[in-house]
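Each chain is listed here by its residues.
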Amino acid sequence: VQLVESGGGLVQPGGSLRLSCVTSGFTFSRYVMSWHRQAPGKERELVAVITSAGGRTNYADSVKGRFTITRDNAKNTVYLQMSSLKPEDTAVYYCNGRNSATNYSVWGQGTQVTVSS
């Protein structure tokens, strides 16, 4: 089982980034996928979640209207499009997959996003 995030980096306030999480080793289409983030000195928080078929999404209030989660079940990949980035979005972003039937959960290693001028 492997989840590999990419797409993080340094961006100026107001900029955009797209994170990708490529997965392998499990039946991606059966997993609810989500993005979480953890800033220094803070607890990990849920950013966005998408159902296994991609029909429903949900977002943290702090990112609504700015972030969009999508998935491509043919590519076993989940994305997080981030726009209008703010310094408070700075964090390590983690991809998570959860089997909706068993609650088995897997995590990626994280990718750093830094929003700074």
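Presented here is an overview of the structure given in this document.

Quick notes on the rules
- Residues numbered from 1 in each chain as written.
- Predicted model: local features only at pLDDT ≥ 70, side-chain atom pairs only at ≥ 80, totals over all residues.
- Heavy atoms only, no water.
- Phe/Tyr/Trp six-rings, centres within 6.5 Å; stacked < 30°, edge-to-face > 60°.
- Buried < 20%, exposed > 50% of the residue type's maximum accessible area, 1.4 Å probe, protein only.
- Helix = DSSP H or I, 4+ residues; strand = E, 2+ residues; numbered from the N terminus.
- Lys NZ or Arg CZ within 6 Å of the ring centre and 35° of its normal.
- Disulfide = S-S within 2.5 Å.
- Pairing = 2+ DSSP bridges.
- Polar contact = N/O pair within 3.5 Å; in protein donor to acceptor, adjacent residues only side chain to side chain.
- Contact = heavy atoms within 4.5 Å.

### Some details on the packing of aromatic side chains
And then number 1: Within the structure shown, the criterion is met by two aromatic pairs.
And then number 2: Ring geometry for phenylalanine 26 versus tyrosine 31: centroids 4.4 Å apart, planes at 50°, classification tilted. An identical accessibility class is assigned to phenylalanine 26 and tyrosine 31; each is buried.
And then number 3: On the numbers, 6.5 Å between centres and 85° between planes, the contact of tyrosine 94 with tryptophan 107 is edge-to-face. Here the residue tyrosine 94 occupies a position in strand 9 (residues 91-99), and tryptophan 107 occupies one in strand 10 (residues 105-107), the gap between them amounting to 13 residues.
And then number 4: Its relative accessible area of 14% is what places tyrosine 94 among the buried residues.
And then number 5: The partly exposed category is assigned to tryptophan 107, whose relative accessible area is 40%.
And then number 6: Its end group placed over the ring of tyrosine 94, arginine 44 keeps NZ or CZ at 3.7 Å from the ring centre.

### Some thoughts on the state of the cysteines
And then number 1: Taken as a whole and judged by the stated rule, the model has one disulfide.
And then number 2: Covalently, cysteine 21 is tied to cysteine 95 through a disulfide, its sulfur atoms 2.2 Å apart. The sign of the S-S torsion, about -80°, decides the handedness of the disulfide formed by cysteine 21 and cysteine 95: left-handed. Taken as a pair, cysteine 21 in strand 3 (residues 17-24) and cysteine 95 in strand 9 lie far apart in primary sequence, 74 residues in all.
And then number 3: With a relative accessible area of 0%, cysteine 95 lands in the buried category.

### Some details on the pairing of strand 11 (residues 111-115)
And then number 1: With burial as the criterion, only one face of strand 11 is covered, namely that bearing Thr111, Val113 and Val115; the residues Gln112 and Thr114 on the opposite face remain uncovered.
And then number 2: Relative to strand 11, strand 2 (residues 9-11) runs parallel, the two being bridged by three bridges. The residue bridging glycine 9 from the neighbouring strand is valine 113, located in strand 11.

### Side note on unusual backbone geometry
And then number 1: Phi at asparagine 76 takes a positive value of approximately 55°, unusual for a residue other than glycine.
And then number 2: For asparagine 76, the position within the fold is in the loop between strand 7 (67-72) and strand 8 (77-82).
And then number 3: Phi at asparagine 103 takes a positive value of approximately 70°, unusual for a residue other than glycine.
And then number 4: With respect to the helices and strands, asparagine 103 occurs in the loop between strand 9 and strand 10.
And then number 5: For asparagine 103, a relative accessible area of 52% gives the class exposed.

### Considering the side chain of threonine 111
And then number 1: Mapped onto the elements of the fold, threonine 111 is located in strand 11.
And then number 2: Within the structure, threonine 111 has its side chain in polar contact with the backbone nitrogen of glycine 8 (distance 3.3 Å).
And then number 3: Excluding residues within four positions of it along the chain, threonine 111 makes contact with Glu5, Ser6, Gly7, Gly8, Leu19, Ala91, Val92 and Tyr93.

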